[in-house]
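# An overview of the molecular structure
The residues making up each chain are set out below.
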Amino acid sequence: MLKLLWSTFKWIGIVLLLLSLLGWVFMHFAPQFGAKPTKESLKRISVSPNQRNGKFQNRVETTVDTRKKGESMDIHLYLFPPRNKNPDDAIPSQRFDISDFNAGDFVWFGHSTVLLRTNQLTVLTDPIFNRASPIPIGGKPFAMTEDPNINDIPDVDVVIISHDHYDHLDSKAMSELASRTAMFLVPLGVQSHLERWGVPSEKIIELDWYEAHTVKNTEFTLTPTRHFSGRGLTNRNTTLWGAWVIKNPQQSIYFSGDSGYFDEFKKVGEQYGPFDIAFIENGAYDKGWSEIHMMPEQSVQAAIDLKAELFFPIHWGKFDLAKHPWTEPIERAIVAANKKELPVVAPLVGQIFTTESPPFEPWWR
């Protein structure tokens, strides 16, 4: 009997060891996990005022996990979501038609992906057209009547990346955009990810907080957010995160990436505002990570701090990334914005619009 138990435990141990080894090999060699910062990046990172011992730091004390001791993650809500947590049917959307896309136009492809044409530049933010996951489990986009297709978009002058999390940096999309994009603007340390996915190094420019790069009279400035980074188990905060200010004589645009609420929004508003439109994270929030993602009411306040004329709630309506019902972010944001008399922009996914005629289409109802 003891011999049988020992043999069983031995084989269980061997299987677990092999699974661990396979997991290690997969995480180190599968391209979707990205790569370590290049030597050139590490030199710049080492002198950045925003890092300590090679790890980037938020400007205010920030805790990623704010759950109370013993508080559950409620994994069952992801595995067995209640009816109102995700859409019951394909959500309404429009097919993007490039022939209707002109100067001053915007189009939202869900979550944090926005295509815009400003000052003769075509700009794409945080392009994600596939799963928000490195493995074929979880992170699947919601079904839409017209699924956004990366092949429908035009060649891009500038792609801007806010940080390297999977719901903002899509390795497959980067590979497909590598030959169709003139320039990629990314936070410090992110260049190596793109290079691994086939983007030539000469197309990539890395920036630190409050550094700027100008393309055809349009200035792109990376500004601080309150968040974190990392695509693996051991590389948290080895790359920078941030928001983007896009300014030219015709338009002033703010794109938030991900962030918890903090006073830096006021500083950015005073230094770069007012903004014609601000695309602000508004979704995938939870009290368990309340310092790295904003509640809808905080997103509205951030837009006010930024001196935004129009508030566009992003980071919702495409993925199941939190415990709240899928329409809660936009409904709470509308209530909060109405109280502050802040105009809300809410088009369908794929719908082309301008700031002169900002749409409000409550398609989720």
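Preceding this section is the structure that the text describes.
Summary of the structure given here.

### Regarding the sheet that holds strand S12 (residues 252-255)
- Spatially, six strands are ordered S9-S10-S11-S12-S13-S14 in an open sheet, and the strand pairing comes out mixed. Of all the strands in the sheet, just strand S9 (212-215) and strand S14 (311-314) have a single pairing partner and so form its edges. Strand-to-strand, the axes of this sheet are offset by a mean angle of 15°, without reference to chain direction.
- As paired strands, S12 and strand S13 (residues 277-281) are joined by three bridges and run parallel to one another. The residue bridging Tyr254 from the neighbouring strand is Ala278, located in S13.

### Re the sheet that holds strand S5 (residues 121-125)
- Taken together, seven strands build an open sheet; the order of strands is S8-S7-S6-S5-S4-S3-S15 and the sheet is mixed. Of all strands in the sheet, those bounded by a partner on one side alone are strand S8 (204-207) and strand S15 (352-353).
- Looking at chain direction, strand S7 (residues 181-187) and S8 are connected through four bridges and run parallel. Residue pairing for S8: Val186 is matched across the bridge by Glu206.

### Describing unusual backbone geometry
- Residues Gly273 and Pro274 are joined by a peptide bond in cis, for which omega reads 0°.
- Of note, Pro274 is situated in the loop between helix H6 (264-272) and S13.
- Even without a glycine there, the phi angle at Asn119 is positive, about 50°.
- One can find Asn119 in the loop between strand S4 (114-118) and S5.
- Phi at Asp126 takes a positive value of approximately 30°, unusual for a residue other than glycine.
- Note that Asp126 resides in the loop between S5 and strand S6 (156-160).
- Note on Asp126: relative accessible area 0%, which makes it buried.

### A look at the pairing of S4
- Judged by how many residues are buried, S4 sits mostly within the fold: four of five residues are covered.
- Bridging between strand S3 (residues 106-108) and S4 involves three bridges; their strand directions are antiparallel. Looking at S4, one finds that Phe106 is bridged to Leu116.
- The turn linking S3 back onto S4 is made up of five residues, and Gly110 within it adopts a positive phi angle of 95°.
- Across five bridges, S4 lies against S5 in antiparallel orientation. The partner of Arg117 across the bridge, within S5, is Thr122.
- The hairpin formed by S4 and S5 contains two residues between the paired strands, and Asn119 there has a positive phi angle of roughly 50°.

### Description of the nonpolar core
- Ranked by size, the top nonpolar core spans 65 residues in total, and within it Phe220, Tyr254, Ile277, Phe279 and Phe311 carry the most contacts.
- Looking at this core, the element that brings in the most residues is helix H8 (residues 328-339), giving five residues.
- Counting 24 residues, the second largest nonpolar core, distinct from the first, contains Leu124, Ile150, Val159 and Met174.

### Thoughts on empty space enclosed by the protein
- The full count for this structure, using the stated rule, is three cavities of 30 Å³ or more.
- Computed from the structure, the largest cavity encloses a volume of approximately 120 Å³.
- Lining the largest cavity are 16 residues, and of these Phe319, Asp320, Leu321, His324 and Trp326 sit closest to its centre.
- Grouping the amino acids of the lining of the largest cavity by side-chain chemistry returns eight nonpolar, six polar and two charged.
- The volume enclosed by the second largest cavity comes to roughly 50 Å³.
- Lining of the second largest cavity is provided by Gln94, Arg95, Phe96, Phe109, Glu146, Asp147, Pro148, Asn149, Asp152, Val349 and Gly350.
- Partitioning the lining of the second largest cavity into residue classes produces four nonpolar, three polar and four charged.

Procedures and definitions
Residues numbered from 1 in each chain as written. Predicted model: local features only at pLDDT ≥ 70, side-chain atom pairs only at ≥ 80, totals over all residues. Heavy atoms only, no water. Pairing = 2+ DSSP bridges. Helix = DSSP H or I, 4+ residues; strand = E, 2+ residues; numbered from the N terminus. Axes fitted to C-alpha atoms, helices over the stretch in contact; angles between N-to-C directions. Buried < 20%, exposed > 50% of the residue type's maximum accessible area, 1.4 Å probe, protein only. Core = buried A, V, L, I, M, F, W, Y, C linked by side-chain atoms within 4.5 Å. 1 Å grid on protein atoms, 1.4 Å probe; cavity = no way out; pocket = protein on both sides within 12 Å on 5 of 7 lines; lining within 4 Å. Points joined across faces, edges and corners; volume = space filled by probe spheres on them. Nonpolar A, V, L, I, M, F, W, Y, C, P; charged D, E, K, R; others polar.

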